[in-house]
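The lines below spell out each chain.
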Number of protein chains: 2
Amino acid sequence: MNSGGPQRNVYLSNVSLEEALATWLEALTAGGPMAPGEAETVSVDESLGRVTAAPVFAALSSPHYHGAAMDGYAVRHQDTFGASEARPLRLKLGEEAVEIDTGDPLPPGYDAVIMIEYVDHVSPGEIEIISPATPWQHVRTIGEDIVATELILPENHLVRPPDLAAMLAGGLVTVPVHPQPRVAIIPTGSELVPPGSRPQRGEIIEFNSSLLAGMARQWGAVANACAPVPDDMDAIEQALTKSLAGNDVVIINAGSSAGREDFTAHVVNKRGTVLVHGVRIRPGKPLVLGIVDDTPVLGIPGFPVSAALDMELFARPVILALQGRHPEERRRVQVRVPRKIASPLGAEEFVRVRLGFMDDQLIAMPVERGAGALMSLVRADGYLRIP
Amino acid sequence: MNSGGPQRNVYLSNVSLEEALATWLEALTAGGPMAPGEAETVSVDESLGRVTAAPVFAALSSPHYHGAAMDGYAVRHQDTFGASEARPLRLKLGEEAVEIDTGDPLPPGYDAVIMIEYVDHVSPGEIEIISPATPWQHVRTIGEDIVATELILPENHLVRPPDLAAMLAGGLVTVPVHPQPRVAIIPTGSELVPPGSRPQRGEIIEFNSSLLAGMARQWGAVANACAPVPDDMDAIEQALTKSLAGNDVVIINAGSSAGREDFTAHVVNKRGTVLVHGVRIRPGKPLVLGIVDDTPVLGIPGFPVSAALDMELFARPVILALQGRHPEERRRVQVRVPRKIASPLGAEEFVRVRLGFMDDQLIAMPVERGAGALMSLVRADGYLRIP
């Protein structure tokens, strides 16, 4: 089977999805290359979508004074005893009742608010009430929402809009967050030309790195794609060396199979360790998972549908872990499948499907199955998993 | 009830959620202030998360030549007739079979690929096969994925990572997208001090605009929050005038109730039309919805929980519509509630809940109900809707 060039290598393994994932994540966890980097401090307003690198504690209470929760009159509750519809009670303004707006601090000594709606203005200097106030009624007491020193956000928390407000209310202006993972993408292939060129026969527009970079960005990473690298072992090794500096994950796109010009496994093997080569899934089978210089390196196949699936299954958990995030499950729905779908023997298949309603039932219709069918990804709403 | 200052205004209406939403969206649709602005052209790589402003058609086919879908040998299918295990067929390399890698263009006249795995290398100049090839087997034919002039993305499509790749593969480098809606946020309140200050008694750190800006940003908008404006009708009117220039939505935060210092409805009424004042929901009741100079203006209450809910219910559909997006439903789940929750008479209540599992059942536990409880938003996983 030797045809002159570098020797065709055989799959080191051809393992199940479960085995591949377990091997991959265990090796990374043991070696530490999935641990978040050194925390950085950002302003609270810049922290949206970032992940806390430490527990966040309040520096101030909120409210930090007793304040009115309603528009009305501040009173001392004991001055209101005995008021009833039968025996309305009058309170002197300025002495027994003080007009107050929502949020205003209660005058010292006052401990309740009567809503404006329940007050009769019987004279310029007096109001009349028909029921007593209970202590602290309609009052926001100190620390009612946040008590200084209280935990506002735990570590490894994805910051959402209310979290911004809670941190500011708790007297904070900055927050320590995990750095965004830097993901290098190395497109390989002598046939690749950059977008915007008019490709000649045999040339292909390089579009995969935009797909992979887009996915990485949506998971919170910064993606750095380099220019296409020709199918040359030294060139790929050089690109890998360059990418290892300053990136937390390196993705070599294509050349991950066992063909004549599939150098990814060779290069990873030369520079580090290949953990997995080949996974029994369809699409996405020709995959290389390895570690070089303590950095996870993924050799991802060239067909875009395979690339997207392998990226989702094997790069996503790493990119999330680097931010201290747990890969929450993708949303699952129960569907009916209008016709039988068989999967190839011995491989778990991920069929791209569109969802729709028929007779009030959610049904999943397969879109084209070819691994090269980029448009099937564009048209699909999700994957149907066939074990 | 007149207490000296500007007259306390009464709710113009106190309508149901459905009525308020219908009035609001109908008025905006009729007047056009929810229509997206003039399309802008961005590079494909910058279009992730943006929304197409026109249908996107392919300029090139993909593939744009017949190419190998597998590593192996290109053949003419008619040369392979009759091959079987009993009668293996030999093909001359260079004449009847040409070694080919995935993605390589087929030599002219060739119309099928035989996978490397199914070939025996019997001599340096010959291969042997044991089954015939069918026409176009393992060949990616021109336009198999994308045909030039084909629709790649419809109008009003939220761009996801595979869409980037499909546009590039289709020979495009730019794409027309709707402009991002610009949302002005005017925090009002003489008691407000900027984050980072040490607030005195009666002063409150201004944190709501970060909450509202964060929400707007997550829905695809650009948020512009100005410095806090004191509770003064002229100052608020001035801030509104300034914000109307260059923004698609204006949010005045607080002062939306009917108290002495609640100027929002007055200002909107003076400068335009108040459509709704007061909605029968809890929290979030004191809400002002209006139109000024063809721009939607929302007066949103000051309590953060009320603010977040009104923002979600009334600003989100407008911000999405300005991008040509339909507000897809929030994810709904069926839950058990461990104890009875009553809602106030005549109002629809949105109770913040945490989700958890108990005996394998998804249960929803209410967190604190107060409208001022920012931490209840931080702790909640969602809303329980009590009609």
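It should be noted that the structure appears before, not after, this text.
Below is a summary of the structure that appears in this document. (Residues numbered from 1 in each chain as written. Chains lettered and ligands numbered in written order. Predicted model: local features only at pLDDT ≥ 70, side-chain atom pairs only at ≥ 80, totals over all residues. Heavy atoms only, no water.)

**Overview of the overall build of chain A**
Our working definition: Runs of E in the DSSP output that reach at least two residues are strands. Runs of H or I that reach at least four are helices, and both are numbered from the N terminus. Radius of gyration here is computed from C-alpha atoms only, and the compact-globule reference equals 2.2 Å multiplied by the residue count raised to the power 0.38. Only protein chains enter the accessibility calculation, which uses a 1.4 Å probe. A residue is then buried if its area is under 20% of the maximum for its type, exposed if over 50%, and partly exposed in between. Contact criterion: two residues are considered in contact whenever any of their non-hydrogen atoms come within 4.5 Å of each other.
On a plain count of helices and strands, chain A comes out with seven helices and 24 strands. Computed over C-alpha atoms, the radius of gyration of chain A comes to 31 Å, more than 25% over the 21 Å expected from 2.2 N^0.38 for 387 residues, which places it beyond the range of a compact globule. For chain A, the C-alpha atoms occupy an extent of roughly 105 × 55 × 40 Å along the three principal directions. The buried share among the 387 residues of chain A stands at 51%. Sequence-distant contacts, at least 24 apart, represent 75% of the contacts inside chain A between residues at least 6 apart.

**As for the interface of chain B and chain A**
For the record, the criterion: By buried area we mean how much accessible surface two parts lose on assembly, using a 1.4 Å probe and totalling the loss over both. Salt bridges are defined by distance alone: a side-chain nitrogen of Lys or Arg within 4 Å of a carboxyl oxygen of Asp or Glu.
With 71 residues of chain B at the interface, the matching set in chain A holds 71 residues. A buried area of about 5700 Å², summed over both sides, lies between chain B and chain A, and 59% of it is on carbon and sulfur atoms. Contact with chain A buries surface across chain B, with Arg 201, Met 375 and Val 378 of chain B losing the most and accounting together for 9% of the total. Counting every contact that joins chain B to chain A gives two salt bridges.

**Topic: the sheet that holds strand β8 (residues 119–123) of chain B**
Residue and element names in this part refer to chain B. To be explicit about the condition: Strands were regarded as paired on the criterion that DSSP finds at least two bridges between them. Axis definition: a line fit to C-alpha positions, over the contact stretch in the case of helices; interaxial angles, taken between N-to-C directions, run 0 to 180 degrees.
Sheet architecture is open: three strands sit in the order β5-β9-β8, paired in antiparallel fashion. Looking at strand neighbours, the two that pair on one side only are β5 (89–92) and β8, the edges of this open sheet. On average, adjacent strands in this sheet sit at an angle of 35 degrees to one another, irrespective of strand direction. Note: β8 against strand β9 (residues 126–129), three bridges, orientation antiparallel. Looking across to β9, one finds that Asp 120 is bridged to Glu 128.

**Quick word on the relation of the copies chain B and chain A**
Rules: The fit set for superposing copies consists of C-alpha atoms from residues with pLDDT of at least 70 in both; the fit itself is least squares.
Mapping chain B onto chain A calls for a screw motion: a turn of 180 degrees about the axis and a shift of 0.0 Å along it, with 0.0 Å RMSD after fitting. Here the copies are linked by what is in effect a two-fold axis. The C-alpha atom lying nearest the rotation axis in chain B is that of Arg 331 of chain B; the distance is 4.8 Å. Taken together, the interface assignments show that 100% of the residues at the interface of chain B recur at the interface of chain A, consistent with an identical surface on both copies.

**Section: the packing of helix α3 (residues 208–218) of chain A against helix α6 (residues 304–321) of chain A**
All names here are of chain A. For the record, the criterion: Relative orientations are named as follows: roughly parallel for angles under 35 degrees, roughly antiparallel for angles over 145 degrees, roughly perpendicular for angles from 65 to 115 degrees, and oblique for any other angle. Two helices crossing with the near one rotated counterclockwise from the far one by less than a right angle form a left-handed crossing, whereas a clockwise rotation gives a right-handed crossing. Each residue is assigned to one of three groups, with Ala, Val, Leu, Ile, Met, Phe, Trp, Tyr, Cys and Pro labelled nonpolar, Asp, Glu, Lys and Arg labelled charged, and all others, Gly among them, labelled polar.
In contact at an axis separation of 10 Å, α3 and α6 are set at 30 degrees when each is read in the N-to-C sense. Our classification of the angle between α3 and α6 gives roughly parallel. Of the two possible hands of crossing, α3 and α6 adopt the one that is right-handed. Across the interface between the two elements, Asn 208, Leu 211, Leu 212, Met 215 and Ala 216 of α3 pack against Pro 304, Ala 307, Ala 308, Met 311, Glu 312 and Ile 319 of α6. Considered class by class, the residues forming the contact of α3 with α6 number nine nonpolar, one polar and one charged.

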